[in-house]
Amino acid sequence: YQRRVRGHSIHMERIKSGVSPQVLFASTGYMICSSLMLVVNKIAVHHVPAPLMLLFAQLACTAVVVKGAQFTVGLQVDALTWPKVSGFLPATCIFLLTISLNMKTLQYANVETFIVFRASTPLALSLCEYAFMNREFPSARSWLSLAGLVLGSAGYVLTDKGFHVKGYIFVGIWYLVFCADQLYLRRVIDTVPMQSNWGRVFYSNLLGSLPLPAFALLNGEQPPQHWSDVAILVFILSLLLATAMSYFAWSARSMLSATTFSVLGNICKVLTILVNLFVWDRHASPVGLGCLGLCLVSALMYEQAPLKERKLNSSTMMAMDEEALIAAQDHLDMLDEESDMKQM
């Protein structure tokens, strides 16, 4: 038991001291882009009421910019090969469905409605990681965080003057797809080897953009006949943010677990609320914002569960002396850490 406690302490110390400059850079970039992207997309679909066409422009622009940078400045981008394409296709379909539902949700529900559901996803992901990705069960503190999220969500819904049944249906569907997206994209990083992070950006955006024009036409979307100066500005800003966010998201995702990445996204939603209060006129009431704040604080209280401890064979354990056993446990802990903190 003492050896197990010591091994766990070593593992936790490595996690706390293992925040590299790469992790900080990717996480900060992702938080900035994510906090701005939700508000920019909300404004964009208001001025350009064609969310699928807008999404196509964002994904296609990102793919073109990355491939253009490969030819002009020598950016390292993986060439298209069928083994990699086939590995990315399922992830692309889930990603595409998640983003499409995201854009459609913003048409029918205000930003706070979307955020309050987003705030509870880390706990759902933690249960999924326990069942499918070799994580320990959530701690008591995490269950308290779940209770806070439930109370905050219920309170917000009761005070949401802009309640739209259609909007909540879209959010509910998005919730299920989003959790599947977070888990599967993390798996793609482990199972589809790429030469650089830009390769993942190129593959995901190129493959995701291909079916969108047909979907937009089937949905009856048409670009506005008259583009105001504000519409043009917001459209260009959304393209720039989409490119930057795709890079930072894949970079951070490669170094974090699915749950930690989702918690990171919730942290930056606080910035989204502050920005939204200044640029949009359909935000929640003070009581609703208080409930939303409870949801976000509860999400931040979540403690990521460590990887399940690998059990050594009993006959091997009996043959080892104490020092050899500790060394073996340290080696297993190091392997666990490397699987969580894979470099770009």
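Rules used in this analysis
- Residues numbered from 1 in each chain as written.
- Predicted model: local features only at pLDDT ≥ 70, side-chain atom pairs only at ≥ 80, totals over all residues.
- Heavy atoms only, no water.
- Helix = DSSP H or I, 4+ residues; strand = E, 2+ residues; numbered from the N terminus.
- Buried < 20%, exposed > 50% of the residue type's maximum accessible area, 1.4 Å probe, protein only.
- Contact = heavy atoms within 4.5 Å.
- Areas by Shrake-Rupley, 256 points an atom, 1.4 Å probe, with all protein chains shown as cover.
- Core = buried A, V, L, I, M, F, W, Y, C linked by side-chain atoms within 4.5 Å.
- Axes fitted to C-alpha atoms, helices over the stretch in contact; angles between N-to-C directions.
- Parallel < 35°, antiparallel > 145°, perpendicular 65-115°, else oblique.
- Left-handed = near helix turned anticlockwise from the far one by under 90°.
- Polar contact = N/O pair within 3.5 Å; in protein donor to acceptor, adjacent residues only side chain to side chain.
- Patch = residues over 30% accessible without salt bridge, like charges linked within 9 Å, V, L, I, M, F, W, Y side chains within 5 Å.
- Salt bridge = Lys/Arg side-chain N within 4 Å of Asp/Glu carboxyl O.
- Phe/Tyr/Trp six-rings, centres within 6.5 Å; stacked < 30°, edge-to-face > 60°.
- Lys NZ or Arg CZ within 6 Å of the ring centre and 35° of its normal.

**Student:** Looking at this structure, I do not really get the overall build of the protein. What am I missing?
**Tutor:** Each helix and strand in the protein was counted, giving 15 helices and 0 strands. Residues counted as buried form 49% of the 344 residues belonging to the protein. Residue pairs at least 24 apart in sequence account for 89% of intrachain contacts in the protein once pairs closer than 6 positions are excluded. Within the structure as shown, the protein displays about 16,700 Å² of accessible surface, and the carbon and sulfur contribution to it stands at 69%.

**Student:** Could you clarify how one ought to interpret the environment of Leu 24 in this entry?
**Tutor:** Its location among the elements puts Leu 24 in helix α2 (residues 21–47). Spatially, the C-alpha atoms of Leu 24 and Ala 252 are 8.7 Å apart, while their sequence positions differ by 228 residues.

**Student:** Help me understand the nonpolar core in this model?
**Tutor:** One broad rule of soluble globular proteins: the nonpolar side chains tend to lie buried together. Core analysis: the biggest nonpolar cluster contains 28 residues, and Tyr 30, Phe 88, Phe 202, Tyr 203 and Trp 250 have the highest contact counts within it. Broken down by secondary-structure element, the contributors of at least two residues to this core are α2, α3 (51–73), α4 (82–108), α8 (165–191), α9 (197–209), α11 (229–255) and α12 (258–279). Excluding anything up to four places from it in sequence, Phe 88 contacts Val 188, Val 192, Met 194, Arg 200, Tyr 203, Ser 204, Leu 207 and Trp 250.

**Student:** What should I look at first to understand the environment of Ala 244 in this one?
**Tutor:** If you trace the backbone, Ala 244 turns up in helix α11. Residue classification places Ala 244 among the partly exposed residues on the basis of a relative accessible area of 26%. In this structure the C-alpha to C-alpha distance between Ala 244 and Ser 34, which are 210 residues apart in sequence, comes to 9.7 Å.

**Student:** What am I meant to see in the packing of α2 against α3 here?
**Tutor:** Helix packing for two helices is described by the angle between their axes and how far apart those axes are. Relative orientation of the contacting elements α2 and α3 amounts to 130°, with a least axis distance of 10 Å. Put simply, α2 runs oblique to α3. Considering the relative orientation of α2 and α3, their crossing is right-handed. Side by side, α2 and α3 meet where Met 37, Asn 41, Ala 44 and Val 45 of the first sit next to Pro 51, Leu 54 and Gln 58 of the second.

**Student:** Even after reading the chapter, I still don't get the side chain of Ser 257, so can you show me in this structure?
**Tutor:** The topology assignment puts Ser 257 in the loop between α11 and α12. Of the residues examined, Ser 257 reaches a relative accessible area of 4% and is grouped as buried. A polar contact is formed between the side chain of Ser 257 and the side chain of Thr 260, at a distance of 2.9 Å.

**Student:** How should I be thinking about a nonpolar patch on the surface in this particular structure?
**Tutor:** Together, Leu 127, Tyr 130, Phe 137 and Trp 143 give the surface a local cluster of nonpolar side chains, amounting to about 360 Å² of exposed area. By the element assignment, Phe 137 lies in the loop between α6 (121–132) and α7 (140–159). Exposure remark for Phe 137: the relative accessible area of 42% places this residue in the partly exposed category.

**Student:** Would you take a moment to explain the packing of aromatic side chains for this structure?
**Tutor:** Between two aromatic rings, the relevant description is the distance of the centres plus the angle of the planes. What the rule picks out here adds up to 9 aromatic pairs. On the basis of an interplanar angle of 45° and a centroid distance of 5.4 Å, the ring pair of Phe 88 and Tyr 203 is categorised as tilted. Residue Phe 88 is found in helix α4, and its partner Tyr 203 is found in helix α9; the two are separated by 115 residues along the sequence. This pair shows no difference in class: Phe 88 is buried, exactly as Tyr 203 is. Taken together, the ring pairs connect Phe 25, Trp 198, Tyr 247 and Phe 248 into an aromatic cluster. Above the plane of the ring of Phe 202 lies Lys 67, whose end atom (NZ or CZ) is 4.9 Å from the centre.

**Student:** Before we go on, may I ask you to explain the pattern of salt bridges in this structure?
**Tutor:** Side-chain pairs of opposite charge can arise whenever the charged atoms involved come near each other. Counting across every chain of the model gives 2 salt bridges. A salt bridge links Arg 186 to Asp 190; its shortest N-O distance comes to 3.0 Å. Remark: Asp 190 and Arg 186 occur in helix α8; sequence separation between them is 4 residues, near one turn of the helix. Residue classification places Arg 186 among the buried positions, given a relative accessible area of 4%.

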